[in-house]
Amino acid sequence: MRMPADQQPPFAAYVGIKITLLTPERVEGELEIRPELGNRNGVAHGGAIMTFTDNLAGTASTASLPEDKSVTTVESKINFFSAVAVGEIARGEAIPLHRGRTTQVWQTRITRPDGRLAAIAIHTQLIIPAVPAKR
Amino acid sequence: MAIKTDGSVDPAHLKRFEENPHRFFRLIGARMTYISKDRLEAELPVHEEIVNRGGNLHGGAFMAFADHIGGAATIVNLPPGARTTTIESKSNFFAPVMGGDVAKAECTPLHRGRTTMVWQTRITRGDGKLVAIVTQTQMVLMKAE
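What comes next concerns the included structure.

The rules behind these values
- Residues numbered from 1 in each chain as written.
- Chains lettered and ligands numbered in written order.
- Predicted model: local features only at pLDDT ≥ 70, side-chain atom pairs only at ≥ 80, totals over all residues.
- Helix = DSSP H or I, 4+ residues; strand = E, 2+ residues; numbered from the N terminus.
- Rg over C-alpha atoms; globule rule 2.2 N^0.38 Å.
- Buried ≥ 20, exposed ≤ 12 C-beta atoms within 10 Å, placed from the backbone.
- Contact = placed C-beta atoms within 7 Å.
- Nonpolar A, V, L, I, M, F, W, Y, C, P; charged D, E, K, R; others polar.
- Axes fitted to C-alpha atoms, helices over the stretch in contact; angles between N-to-C directions.
- Parallel < 35°, antiparallel > 145°, perpendicular 65-115°, else oblique.
- Left-handed = near helix turned anticlockwise from the far one by under 90°.
- Core = buried A, V, L, I, M, F, W, Y, C linked by C-beta atoms within 7 Å.
- Pairing = 2+ DSSP bridges.

When helices and strands are counted, chain A shows two helices and six strands. Taking 14 Å as the expected radius of gyration for a compact globule of 135 residues, we find that chain A reaches 14 Å, a close match to that expectation. For chain A, the spread of C-alpha atoms along the three principal axes comes to 45 × 30 × 25 Å. Within chain A, the proportion of its 135 residues that are buried is 43%. Contacts in chain A between residues at least 24 apart in sequence constitute 64% of all its contacts with a sequence separation of at least 6.

Next up on the list: the overall build of chain B. Scanning chain B from N- to C-terminus turns up three helices and seven strands. In chain B, the succession of helices and strands from N to C terminus is β-α-α-β-β-α-β-β-β-β. Taking 15 Å as the expected radius of gyration for a compact globule of 145 residues, we find that chain B reaches 15 Å, a close match to that expectation. Across its three principal directions, the C-alpha atoms of chain B cover 50 × 30 × 25 Å. Considering chain B as a whole, with its 145 residues, one finds that 40% of them fall into the buried category. Within chain B, contacts between residues at least 6 apart in sequence are counted, and of these 64% link residues at least 24 apart.

On to the interface of chain A and chain B. Each partner contributes residues to the interface: chain A has 28 residues there, and chain B has 29 residues. Those elements that provide at least two residues to the side of chain A that touches chain B are helix H1 (10-15), helix H2 (46-63) and strand S3 (69-80) of chain A. With eight residues, S3 of chain A is the single largest residue contributor to the side of chain A that touches chain B. Within the side of chain A that touches chain B, the residues separate by chemical class into 12 nonpolar, 10 polar and six charged.

Packing of H2 of chain A against helix H3 (residues 59-75) of chain B brings their axes to within 8 Å, and their N-to-C directions diverge by 160 degrees. Regarding the angle of H2 of chain A to H3 of chain B, the classification is roughly antiparallel. Crossing geometry of H2 of chain A relative to H3 of chain B is assigned as right-handed. Contacts from Gly46, Gly47, Ala48, Met50, Thr51, Asp54 and Asn55 of chain A in H2 of chain A reach Gly59, Gly60, Ala61, Met63, Ala64, Asp67 and His68 of chain B in H3 of chain B. Of the residues that constitute the contact of H2 of chain A with H3 of chain B, the class distribution is five nonpolar, seven polar and two charged.

This next bit is on the nonpolar core. Ranked by internal contacts, the top residues of the largest apolar core, which has 65 residues, are Ala44 and Ala90 of chain A together with Ile28, Phe65, Ile69 and Ala103 of chain B. Take this core: its biggest share by element is 10 residues, from H3 of chain B.

All names here are of chain B. Tracing the backbone through its elements, the reader meets Asn56 in the loop between strand S3 (40-45) and H3. Take Asn56: there are 23 C-beta atoms within 10 Å of it, and that puts it in the buried class. Remark: the alpha-carbon pair of Asn56 and Gly99, spanning 43 residues in sequence, is separated by 5.3 Å. Beyond its immediate chain neighbours, meaning those up to four positions away, Asn56 contacts Val51, Pro96, Val97, Met98 and Gly99.

Residues and elements named next belong to chain A. Examined bridge by bridge, strand S1 (residues 17-22) and strand S2 (residues 27-32) share five bridges and lie antiparallel to one another. Note that in S2 the partner of Ile19 across the bridge is Gly29. Joining the antiparallel neighbours S1 and S2 is a turn of four residues.

Tracing the backbone through its elements, the reader meets Val15 of chain A in helix H1. The sequence separation of Val15 of chain A and Trp106 of chain A amounts to 91 residues, and the corresponding C-alpha distance is 21 Å.

On to the pairing of strand S5 (residues 102-112) of chain B, then. All names here are of chain B. Pairing of S3 with S5, which is carried by six bridges, proceeds in the antiparallel orientation. If you follow Leu44 over to S5, its bridge partner there is Ala103. Pairing of S5 with strand S6 (residues 116-124) involves eight bridges; the strand directions are antiparallel. By the bridge assignment, Ala105 is partnered in S6 with Ile123. Counted along the chain from S5 to the antiparallel partner S6, the turn is three residues long.

Residue and element names in this part refer to chain B. Assignment of secondary structure puts Met98 in the loop between strand S4 (83-93) and S5. Take Met98: there are 15 C-beta atoms within 10 Å of it, and that puts it in the partly exposed class. In this structure Met98 touches Val46, Gly55 and Asn56, once residues within four positions along its chain are discounted.

Written as structure tokens, this is what we have:
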């Protein structure tokens with residue numbers, strides 16, 4: 001199994017996403033809602049939560065692929081149910097809904113420290129030939 | 001930074017977007033270039049902190065960019081005292097934006113109701129190709145009586 005948890009893209013590191021569990025069936029992560037990730041209402045910006053879910057889904061789908069394959073997000077849909085306050089840690093859990101030869105579909109649940117569901121995202125990832133990392 | 005406008009938006013909103021752009025919007029490096037009640041435009045230079053492993057604009061950065069624009073477009077259409085929150089968003093991605101290029105977004109309304117507003121944001125890259133469309137639903141939160 002590949003270890004994309006150790007090879008996160010620059011944007012994930014910039015936002016501060018941490019991968020805490022990486023298995024073929026489930027990927028978990030954490031994102032501390034720092035003040036710069038907040039919106040004007042003092043809660044996590046929707047875009048920060050979307051970034052978190054996109055990263056977890058991308059990490060999860062990449063993890064079970066051979067080295068010569070990669071993925072790109074072709075479609076994503078998110079529903080928001082409750083806000084995560086600035087200062088709190090949002091937790092994410094991604095599970096596969098479909099793992100085909102051409103596409104993978106992952107569902108990511110974001111929860112707050114009190115256990116309440118904050119958002120659910122579903123991503124469709126297209127499997128493509130791996131591109132060499134440009135770092 | 002001066003933002004172009006057709007004069008349809010509340011000057012207080014324009015002043016806030018110009019002088020106190022949102023912290024998260026600044027974090028990703030985006031800037032608003034045009035604002036009216038019917039259309040909002042913005043730019044996002046693809047710098048090295050917001051790319052994916054392939055060196056292209058990260059999908060999450062696209063979504064963050066569009067989400068913020070849809071929120072701002074809603075704010076300038078709200079009745080006095082009301083606020084907004086994103087309740088749903090859907091993105092389709094068509095092509096990558098390479099590092100060093102500038103993504104441009106244009107946001108227009110699909111629906112502006114009393115309870116919800118639905119906005120569509122088209123994102124293009126430097127060569128003019130359509131790279132993503134984001135459709136999002138904003139809930140209108142009225143101040144408690």
